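Listed below, chain by chain, are the residues.
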Amino acid sequence: LINCQQAKELISQKLDGALHPSDEKRLEEHLNTCSSCQVYQEEMKELHHQLLQLPPAALKESMVDQLLETHLLHEVKQQKKISFWKKKHWIGLTAAAVLLGLWVPLYALISNEFPGLLQGGLKQEGPMMASDSVKQELEINHDTGAQEENFAGIMEATPTENDPQVINEKTDPYAYQVKEENRQLVIYQNEEVIYRSRHWEDDQSVQWRMENQHQLIYTLYSSKGKVVATYQIDLLQKKEEKRKE
Amino acid sequence: MIQLAKAGNHEAVVELLKQAEPSVYKTAYYFMGNEHDAKDVTQEALIKIYTKLETFQEKAKFQTWVQRITTNICIDKFRKNKNDISIEGSEMTIPGFSDVAKEVEDKAMVEELLDQIKLLPEKIKSVMILRYFHDFSYQEIADTLDLPINTVKSYLFRGRDQIHTRMKAAIQGGV
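None of these values were measured; they are calculated from a predicted model. (Residues numbered from 1 in each chain as written. Chains lettered and ligands numbered in written order. Predicted model: local features only at pLDDT ≥ 70, side-chain atom pairs only at ≥ 80, totals over all residues. Heavy atoms only, no water.)

Caption draft 1: View of the overall build of chain B. Along chain B, the regular secondary structure elements total 8 helices and 0 strands. The N-to-C order of helical and strand elements in chain B reads α-α-α-α-α-α-α-α. Expressed as a percentage of its 175 residues, the buried residues of chain B come to 51%. Residue pairs at least 24 apart in sequence account for 66% of intrachain contacts in chain B once pairs closer than 6 positions are excluded. (Helix = DSSP H or I, 4+ residues; strand = E, 2+ residues; numbered from the N terminus. Buried < 20%, exposed > 50% of the residue type's maximum accessible area, 1.4 Å probe, protein only. Contact = heavy atoms within 4.5 Å.)

Here it is in structure tokens:
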């Protein structure tokens, strides 16, 4: 014999049409003697029916189309390609460094004289390659970057940990660029999308400002010009939260 | 088509994303409980599907994989939102319901149900959404959420039972 709790669990499975015949029999036996579980079963059937009847949620317009229109998918792919290239390149550099580290002493031993010219050449080769790679990378960013008119705030930022070489690149300090695109703020760093804010509603407008080097504040206004909410984005953490003002 | 998309065929990718989109939004909408967050989740999920497409193992079902990505994003975002004050206009609006007077009662019931779904613990909510809005089998739900089938059964029972108890309490409370 089963208790009420077990009976209720079997009633749930019965709704899914997944009840084993032996369990079905045990449930029937219980229901024959328990009126409260009979009521529970009827109410559950009704709830199940109501849940199945819930209207489907549907988008009014395709977001895939929006993503394609704003070229976001293309941008994501570009970012992916660049980061893949970066990783691959660093593997190459590491491998080169290991090889150089191994071969220089070996060569010195074998040749039995200090090959100043060769060693100097080898010593320089590492840093030269690295710095070239950074230049190339920056060029990639410049090539893909667009010169938008609504380009807004520029703030200098410290380079990310992934790009230690950039510290020595005086020519192009990192900068944030903020644009309004498709009811959200899109923040770029060196022409790459690094963050997208929440979407705001159709009838809302936005004002934003850089609060400090890595913090952007934006306020949403209703069509009547009333403040709806203010959010702050931490551009290093790539997080946003509502400001409790 | 999945193979074409994985090989980088643009039309196939777009077609695949458009196929995934309605089910992504449906999950996002019922999970998050408002259109605004549902759209954010949908955008993030579509981008993730796009960027992770090459890692998709075809032995899995595409819809299962899509729902796994979507529910994970929903859970993350829902947790983040918990620390946030709810935004204006975040209440559930009922899709596909006209304002005909005779439907008012149904509408109130639907709103109550959607609110109750929203209040479920995240894993139970995921299971309920996959069962009721995607008609997933126990096995498909288990595959999507990486849960044993018995846990899926148990979560479905707990989800239904919680909604039932709370709705009954609301009615008895004379609302």
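Caption draft 2: Focus on the overall build of chain A. On a plain count of helices and strands, chain A comes out with 6 helices and 8 strands. When the helices and strands of chain A are placed in sequence order, the string is α-α-α-α-α-α-β-β-β-β-β-β-β-β. With 245 residues in all, chain A has 39% of them scored as buried. A sequence separation of at least 24 residues applies to 39% of the contacts in chain A between residues at least 6 apart.

Caption draft 3: Main features of the environment of Pro22(B). Residue and element names in this part refer to chain B. Along the chain, proline 22 falls in helix 2 (residues 10-32). Residue classification places proline 22 among the partly exposed positions, given a relative accessible area of 47%. Note: C-alpha distance between proline 22 and threonine 42 (20 residues apart in sequence) is 9.2 Å.

Caption draft 4: Looking closely at the packing of helix 2 (residues 21-33) of chain A against helix 3 (residues 35-52) of chain A. All names here are of chain A. Relative orientation of the contacting elements helix 2 and helix 3 amounts to 115°, with a least axis distance of 6 Å. Between helix 2 and helix 3, the residues in contact are Leu27, His30, Leu31, Asn32 and Thr33 and Ser35, Cys37, Gln38 and Gln41, respectively. Considered class by class, the residues forming the contact of helix 2 with helix 3 number 3 nonpolar, 6 polar and no charged. (Axes fitted to C-alpha atoms, helices over the stretch in contact; angles between N-to-C directions. Nonpolar A, V, L, I, M, F, W, Y, C, P; charged D, E, K, R; others polar.)

Caption draft 5: Local environment of the interface of chain B and chain A. Every contact between the two is made by 50 residues of chain B and, on the other side, 46 residues of chain A. When the two sides are added together, the surface that chain B and chain A hide from each other amounts to roughly 4,400 Å², 62% of it contributed by carbon and sulfur. Counting the surface chain B buries against chain A, the share from its top three residues, Gln43(B), Tyr132(B) and Phe157(B), is 15%. Taken together, the links from chain B to chain A amount to 6 salt bridges. When the shortest N-O distance is used, the salt bridge between Asp16(A) and Arg160(B) registers 2.6 Å. Applying the counting criterion to the chain B and chain A interface returns 19 residue pairs in polar contact (both at pLDDT 80 or more). Of all elements in the fold, only helix 2, helix 3 (35-52), helix 5 (104-119), helix 6 (122-134) and helix 8 (149-172) of chain B reach the threshold of two or more residues within the side of chain B that touches chain A. Counting residues per element, the side of chain B that touches chain A draws most heavily on helix 3 of chain B, which supplies 11 residues. Residues belonging to the side of chain B that touches chain A are distributed by class as follows: 26 nonpolar, 9 polar and 15 charged. (Buried area = accessible area lost by both parts, 1.4 Å probe. Salt bridge = Lys/Arg side-chain N within 4 Å of Asp/Glu carboxyl O. Polar contact = N/O pair within 3.5 Å; in protein donor to acceptor, adjacent residues only side chain to side chain.)

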